[in-house]
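# Reading the structure
What follows is each chain in one-letter form.
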Amino acid sequence: MFSLPKVRFTGRSYKTLSLINSHCCSFGVNSSRSFGTGRHVRKDFIQDLENQFKAFRDKAKAAMPGSDWSPIQVTRGLPPERADVVIIGGGVIGWSIAYWLKRKLMSRDSLRVVLVEKDPTYSQASTVLSAGGIRQQFSLKENIQLSLASASFMKNINEHLGVLNEDPIDLQFNHSGYLFLANEAWAHIMEESYAIQKELGAEVTLLSPAQLKERFPCVNTDGVALASLGLENEGWFDPWTLLNAFRRKAMSMGVYQCFGEVTGFRCWTQNAETTDGDLLNIKRIKYVNVQMPNSLEYQPVECAVVVNAAGASSGKIGDMLGIGHGPKTSVAAIPVPVEPRKRFVYVVHCPDGPGLECPFLIDYSGVYLRREGLGGNYITGMSPEESEEPDCSNLDVDHEFFQEKIWPRLAHRIPVFENLKVSGAWAGFYDYNSFDQNGIVGLHPLVNNMYFATGFSGHGLQHSPAVGRAVAELILDGRFKTIDMSSFDFRRILRQEPMLEKNIV
Amino acid sequence: MAASMLFQMRRHCSLVPCLTVAKRQYASNPPSLFSKVFLQLNQRFLEVEYLIRLGNWFKNRDVRRKNLFYDYAQKKYGVNVAAAYSILKLGGAFRFAGQTEWFCTDSKGKFSFDFVNTPDSTIEEIDLSRTLINQAGLHNLMSQRKLRSLSVQGCPEVDDWFLARLHVFSETLQELNLSHCPRITVGGLAALQHLRQLQQLDISSLPQVQSPGLVHILVEEMLPHCKVIGAEYDQGLQIQTDNREPTDADSLRHAQT
């Protein structure tokens, strides 16, 4: 009502002003747009008045009911006081679970999902610091199925994670298969794994040393007894794009994102007696305390289900709940066996190295190598010996490790890498399951409503779409529907029955 | 009002390009009114997500229907007939091994079913240019282990996952034409390394491939026995002509003048 005549008025006033100034023809009649680049020298009374009005209107708006302003200071970004599901950890697994929880239910408010992430910059998150590979060459049936399901998810990623009025997702997927090299001792294990992979429909082929030499002339075949090469659905992609795609989609479906750190729980406990006569404390989480970043303020979130997807810190979350603090020789004394392990990734430049045909090479000595871009850059690294694990308190890179351990092995396998230059390096955490290097998915028997989705020991990123769906099924349907992951349950740790994956990098 | 404005615009002829430019700039960025309303609704109702998914489902219906897996035909008539049928359904053409005649559809998409009578002959050449084939549709052709030549020129649905699946023809495929496919990137071209028998490969005019000259060289290195048709080697390179250091030849020329 008020704005339209005003615009006209200012337009006219502008017209008169311009006529006074330069006597040239007038520009757009109905607009007050200025075509000159300089500012008005003369003070414009109308303009001033308009600015005053604008400031007044802003002030009035802020004081109106329904605005953010309130006389009591309220911290922004506090999580809601009540939620149905609280997911701890905003890595790719956490966001995938959040997405699938929303995806499986057909309405926005039927389930309130809050995701708590402690680091908004993701500077130490394992997701974004990983090498980003996906492979089917595992030895366990479940891991192969998870990879196949995740690959088919990535195939149709825009149908799953496309958001209205946003660009389509480009994962920058590079279709180069993994090339595993085995020595005499490992060859029979590779053959066994190959049989399982073929049975489940993964496209993998075995190569003899002669065939390997023919396919990849740059690889030195000394000591190699057998090689296996992935043909389809293997390669590497951009982890940050996948994480952001999950996050964008989950938030557009109504997941609450909250930046803060989980510092404690308020539980309700019940005593139970086993058939052996042991007394057990069965817990149920009632509140999750979420502390705001850079302050002491915290908000207890009342919730029904907690999902522990905290990756490398999930052992710490378990510790807060008192898992592993029980009397010795009982099941309550077994902690969550997930701990952070630091892994170094080195970027090397080697102009004579293998080109577009470079596979994701994994040598039996533990060294891996993949191409990065088209300019002769490569990413390499290896897992250190159990006794030589580096200190995990920070993410500093040990350059000696490359010189002493990685380079000799790499140059032995691919001789052109004798001439290389390290152009960069970084370190990231593995959420290392020290019990059997496999994921833990499922409820904890002693904490009634905490679901685990952690401990993937370096292949959490590639399995995240399928794991998210499995956990969502477990929460909403009470059982696994698509991929049976019941053998990944926490009970195997309590029973001390490891489920060993042989192809761990 | 509008007429008078138009009249004024005609009078100030120099103004017209100015206004249209301004309008175009404005129109390119913000969403249309429909999607604006949709976005507003999306913030309140999750159902909008399902509507969008349903809309996409309808949009992709044609692609899906064309790329169906003909399980029934395979069981009843054998794999070769099913493959031939799927090609003609897509609107492509093919040639059986040992024959010179091509089977193709007419302008209305009709075709003769003569190939049903020869269930044992395998397909040697397939031309699927400008059809809607995607990696799901490739499933019908997997059985053709004598395929020598495949052309998917200008197919909008051919992507990197399609190329990754071509490894099934690695023993026989000699000619492959991928030109003008809008969705192929470098990541997919790396998967062609499994095609060891390839003798001719066309990768020209792939809009998603940055620095096509470099990619051309890399593909030639990857497939040493193959003739690669693609961009010139220097395409995509930014050769800086100005503000370069004067070379010896330049200084010599200056000295002469």
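First, a word on scope: everything that follows refers to the structure included in this document. What you are looking at is a predicted structure, and each value in this text was computed from that prediction instead of being measured. (Residues numbered from 1 in each chain as written. Chains lettered and ligands numbered in written order. Predicted model: local features only at pLDDT ≥ 70, side-chain atom pairs only at ≥ 80, totals over all residues. Heavy atoms only, no water.)

This part takes up the interface of chain A and chain B. Quoted interface sizes are often the accessible area lost when the parts come together. Facing the 38 residues of chain A at the interface are 39 residues of chain B. Summing both sides of the interface, chain A and chain B together bury roughly 3500 Å²; the carbon and sulfur share of this comes to 58%. Taken as a group, A:L164, A:H175 and A:L356 account for 22% of the area that chain A buries against chain B, more than any other trio of residues on that side. Summed over the shared surface of chain A and chain B, the number is 1 salt bridge. Taking the shortest distance from any N to any O, the salt bridge between B:R165 and A:E232 comes out at 3.4 Å. Where the side of chain A that touches chain B is concerned, the elements lending two or more residues are α3 (92–104), α4 (141–155), α7 (209–215), β6 (226–230) and α8 (239–252) of chain A. Considering every element that reaches the side of chain A that touches chain B, the biggest residue donor is α4(A), with 3 residues. For the side of chain A that touches chain B, the class distribution of residues is 15 nonpolar, 10 polar and 13 charged. (Contact = heavy atoms within 4.5 Å. Buried area = accessible area lost by both parts, 1.4 Å probe. Salt bridge = Lys/Arg side-chain N within 4 Å of Asp/Glu carboxyl O. Helix = DSSP H or I, 4+ residues; strand = E, 2+ residues; numbered from the N terminus. Nonpolar A, V, L, I, M, F, W, Y, C, P; charged D, E, K, R; others polar.)

All names here are of chain A. With phi around 55 degrees, Y122 is a residue other than glycine that occupies positive phi space. Its place among the elements puts Y122 in the loop between β2 (113–117) and β3 (133–134). One non-glycine residue, N233, adopts positive backbone phi at about 60 degrees.

Below, the discussion takes up empty space enclosed by the protein. Counted according to the given criterion, the structure contains 5 cavities of 30 Å³ or more. Volume-wise, the largest cavity comes out at about 50 Å³. (1 Å grid on protein atoms, 1.4 Å probe; cavity = no way out; pocket = protein on both sides within 12 Å on 5 of 7 lines; lining within 4 Å. Points joined across faces, edges and corners; volume = space filled by probe spheres on them.)

Take the environment of B:M142 next. All names here are of chain B. Relative to the helices and strands, M142 resides in the loop between β3 (123–127) and β4 (149–151). Among the residues examined, M142 registers a relative accessible area of 14% and is labelled buried. Taking the C-alpha atoms as reference points, M142 and F169, separated by 27 residues in sequence, lie 7.8 Å from one another. Among residues more than four places away in sequence, those in contact with M142 are R165, V168 and F169. (Buried < 20%, exposed > 50% of the residue type's maximum accessible area, 1.4 Å probe, protein only.)

It is worth stressing that arrangement in space is one thing and function is another; only the former is reported here.
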